Amino acid sequence: MTKPTIGFIGLGLMGRAMVGCLQDAGYALTVLGNRDRTGVEEALSRGGSEAASARALTGATDIVMLCMGTSDQVESRVYGEDGVLAGAKPGQIVIDFGTSLPGSTLKIGADLAERGAIYLDAPLGRTPSHGREGKLNIMCAGDEAAYAKVKPELDTLGENVFHLGALGSGHTIKLINNFYAMTTALAMSEAFAMADLAGIDRAKLHAVMAAGPNHSGMMDFIKAWATEGRIDLAFAVANGKKDVGYYRRMAEDLGATSRMSGCADSALAKAIGHDFGDHMVPEMVDYFSKHLKD
């Protein structure tokens, strides 16, 4: 069978890795980037095409994939006379791989449905290197028939591909996951910093904590930096703040109050206020070490 053509919008580190994976698998790609043309040039060098607008890209392809940092960025590519919505065709499938607000996802899905197109949310787990190797975790949600139709493409990109229910479920689960991850990471970072203040060896603290039910992969990510100076979690503080903020907005949209996310949100905001936004989350150990007495 002939492979569907794919339009890909958003060629940052993850997006360009995914485009390379799809091209290696024999898919024809039309791409649309932003100010940084590195990913676009890489795709073109491998035989891809470049679209002049999101509308043109959508009109020329079977499946549209978006991999962008924020809901505002997604909406900027979907709406407007040159957006995805303007070029959408009946039966076309549009997939958002970013970490977006569920409310925005539902709005876009409803607007695309009016044109006969189908929207899936499919946030990602793991790193760009996994994206290049086709080993991402993909949390897809939305119409099951559409999911089944694009499952071969998702399987090309992902090692673990889940269908999680109705549209918006993927983004909801991803935000809950990232809220929990950031809260755990910050708690462990503060624990190491408090140990420093009390004159306790970091490795000894970790040995005790890791011997019990506290042990987790996130703990080990923080420990790798705290005791070995190695970054195993390449996720920026600013991105963590964005995701925790989205989680809090999601809670508000549900009429709920999130108690536990408040500390994480505040700590990340204060770190960004000290020009720490571009640092990786494990480096929050260093931030706490300097500011525990603030």
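The following paragraphs examine the structure supplied in this document. Bear in mind that the values here come from a model prediction, so they are computed numbers and not experimental data.

1. So, helix α12 (residues 237-253)
If you check α12, its first and last C-alpha atoms are 24 Å apart, about what 17 residues at 1.5 Å a residue would give, namely 24 Å. Within α12 the residues assigned to the buried category are Val-237, Gly-240, Lys-242, Asp-243, Val-244, Gly-245, Tyr-246, Tyr-247, Met-250 and Ala-251. In this structure, the buried residues of α12 make contact with α4 (71-78), α6 (102-113), α9 (169-198), α13 (261-273) and α14 (284-291). Positioned one or two residues after α12, Gly-255 has a phi angle of 75°, which is positive.

2. Here we look at α9
End to end, α9 covers 43 Å across 30 residues, agreeing with the expected 44 Å (1.5 Å per residue, within 8%). Backbone geometry just downstream of α9 places Gly-199 in the positive-phi region, at approximately 80°.

3. Structural notes on the nonpolar core
Judged by nonpolar contacts, the single largest core of 31 residues is most densely connected at Phe-8, Met-18, Met-65, Ile-95, Phe-97, Ile-138 and Leu-154. Those residues in contact with Ile-138 that sit more than four places away from it in its chain are Phe-97, Ala-122, Pro-123, Leu-124, Leu-154, Leu-157, Gly-158, Asn-160, Val-161 and Phe-162. Membership of the second largest hydrophobic core comes to 27 residues, among which are Leu-186, Phe-192, Leu-268 and Ala-271.

4. Thoughts on the environment of Ile-272
With respect to the helices and strands, the residue Ile-272 is situated in helix α13. In this structure, the C-alpha to C-alpha distance between Ile-272 and Val-237, residues 35 residues apart in sequence, is 7.4 Å. Once residues within four sequence positions are removed from consideration, Ile-272 is found in contact with Val-237, Ala-238, Lys-241 and Gly-277.

5. A short note on the packing of aromatic side chains
Per the counting criterion, the structure on display carries three aromatic pairs. Aromatic side chains Phe-179 and Tyr-247 sit 4.2 Å apart centroid to centroid with 5° between the ring planes, which places their arrangement in the stacked category. Of this pair, Phe-179 sits in helix α9 while Tyr-247 sits in helix α12; the two residues are 68 residues apart in sequence, bridging distant segments of the chain. Judged by relative accessible area, Tyr-247 falls into the buried class, the value being 14%. Ring plane angle 50° and centroid distance 5.7 Å describe the contact between Phe-276 and Tyr-287, whose orientation is recorded as tilted. Within this pair, whereas Phe-276 is found in the loop between α13 and α14, its partner Tyr-287 is found in helix α14, the two being separated by eleven residues in sequence.

6. Re the sheet that holds strand β1 (residues 6-9)
With parallel pairing, six strands are arranged side by side in an open sheet as β3-β2-β1-β4-β5-β6. Bordering the open sheet on either side are β3 (49-50) and β6 (118-121), each of which pairs with just one other strand. One ladder, built from four bridges, connects β1 with strand β4 (residues 63-66); its direction is parallel. Looking across to β4, one finds that Phe-8 is bridged to Met-65. Against the sheet, helix α1 (residues 13-24) engages β1, β2 (29-32) and β4, with an angle of about 165° to β1.

The rules behind these values
Residues numbered from 1 in each chain as written. Predicted model: local features only at pLDDT ≥ 70, side-chain atom pairs only at ≥ 80, totals over all residues. Heavy atoms only, no water. Helix = DSSP H or I, 4+ residues; strand = E, 2+ residues; numbered from the N terminus. Expected span 1.5 Å × (residues − 1). Buried < 20%, exposed > 50% of the residue type's maximum accessible area, 1.4 Å probe, protein only. Contact = heavy atoms within 4.5 Å. Core = buried A, V, L, I, M, F, W, Y, C linked by side-chain atoms within 4.5 Å. Phe/Tyr/Trp six-rings, centres within 6.5 Å; stacked < 30°, edge-to-face > 60°. Pairing = 2+ DSSP bridges. Axes fitted to C-alpha atoms, helices over the stretch in contact; angles between N-to-C directions.

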